[in-house]
Amino acid sequence: MDFEINAETVGFKAGDVYQALATADKSLSVAEIAKAAKITEQETLLGMGWLFKEGKIKAEENKITLA
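Residues numbered from 1 in each chain as written. Predicted model: local features only at pLDDT ≥ 70, side-chain atom pairs only at ≥ 80, totals over all residues. Heavy atoms only, no water.

Comments concerning the overall build of the chain
Moving on, step 1. Within the chain, the secondary structure is distributed over three helices and two strands.
Moving on, step 2. Scaling as 2.2 N^0.38, a compact globule of 67 residues should have a C-alpha radius of gyration of about 11 Å, and the chain matches this with 11 Å.
Moving on, step 3. In terms of overall dimensions, the chain has a C-alpha envelope of 30 × 25 × 20 Å along the principal axes.
Moving on, step 4. Considering the chain as a whole, with its 67 residues, one finds that 33% of them fall into the buried category. (Helix = DSSP H or I, 4+ residues; strand = E, 2+ residues; numbered from the N terminus. Rg over C-alpha atoms; globule rule 2.2 N^0.38 Å. Buried < 20%, exposed > 50% of the residue type's maximum accessible area, 1.4 Å probe, protein only.)

Here's the deal with the pattern of salt bridges
Moving on, step 1. All told, the structure shown has two salt bridges when counted by the stated rule.
Moving on, step 2. The shortest N-O distance in the salt bridge between Lys-13 and Glu-43 comes to 3.6 Å. One end of the pair, Lys-13, is in helix H1 (residues 7-24); the other, Glu-43, is in helix H3 (residues 41-54), and 30 residues separate them in sequence. Residue Lys-13 shares its accessibility class with Glu-43, and that shared class is buried.
Moving on, step 3. A salt bridge links Lys-63 to Glu-32, with the nearest nitrogen and oxygen atoms 3.5 Å apart. Residue Lys-63 is found in strand E2 (residues 63-66), and its partner Glu-32 is found in helix H2 (residues 30-37); the two are separated by 31 residues along the sequence.
Moving on, step 4. When its relative accessible area of 31% is taken as the criterion, Lys-63 is described as partly exposed.
Moving on, step 5. Look at Glu-32 and you get partly exposed, because its relative accessible area is 34%. (Salt bridge = Lys/Arg side-chain N within 4 Å of Asp/Glu carboxyl O.)

Considering the packing of H1 against H3
Moving on, step 1. Contact pair H1 / H3: the axes reach a minimum separation of 7 Å and the direction vectors enclose 90 degrees. Considering their axes alone, H1 and H3 lie roughly perpendicular with respect to each other. Residues Ala-7, Val-10, Gly-11, Lys-13, Ala-14, Val-17 and Tyr-18 of H1 form the contact with H3, whose participating residues are Glu-43, Thr-44, Leu-46, Gly-47, Met-48, Trp-50 and Leu-51. (Axes fitted to C-alpha atoms, helices over the stretch in contact; angles between N-to-C directions. Parallel < 35°, antiparallel > 145°, perpendicular 65-115°, else oblique. Contact = heavy atoms within 4.5 Å.)

Describing H1
Moving on, step 1. The end-to-end C-alpha distance of H1 is 26 Å, a good match for the 26 Å that 18 residues give at a rise of 1.5 Å each.
Moving on, step 2. Taken together, the buried positions of H1 are occupied by Thr-9, Val-10, Lys-13, Ala-14, Val-17, Ala-20 and Leu-21. Seen from one end, H1 has its buried residues packed into an arc of 145 degrees, which puts them on one side. Residues Ala-7, Glu-8, Phe-12 and Thr-23 are exposed on H1 and point more than 90 degrees away from its buried face.
Moving on, step 3. In this structure, the buried side of H1 is in contact with H2, H3, strand E1 (57-60) and E2.
Moving on, step 4. The opening residue of H1, the one whose side-chain oxygen lies 3.0 Å from the backbone nitrogen of Glu-8, is Asn-6.
Moving on, step 5. Among the residues trailing H1, Asp-25 stands out with phi positive, at a value near 55 degrees. (Expected span 1.5 Å × (residues − 1). Arc of directions from axis to C-beta. Polar contact = N/O pair within 3.5 Å; in protein donor to acceptor, adjacent residues only side chain to side chain.)

Structure (structure tokens):
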């Protein structure tokens, strides 16, 4: 991983994930989110963890969507 893991950087990744989903306006796979957000799949998963905890995203048929 080529960035420091702390609340601030993970929060930024969560924002990237959220924006990608909001722009797409449909359910996306992890790979699709990463591509849309221009971040790695690992960074995508970190951001998703944050958003799941906050209740802002949900899993739907093996894809992720805004809650």
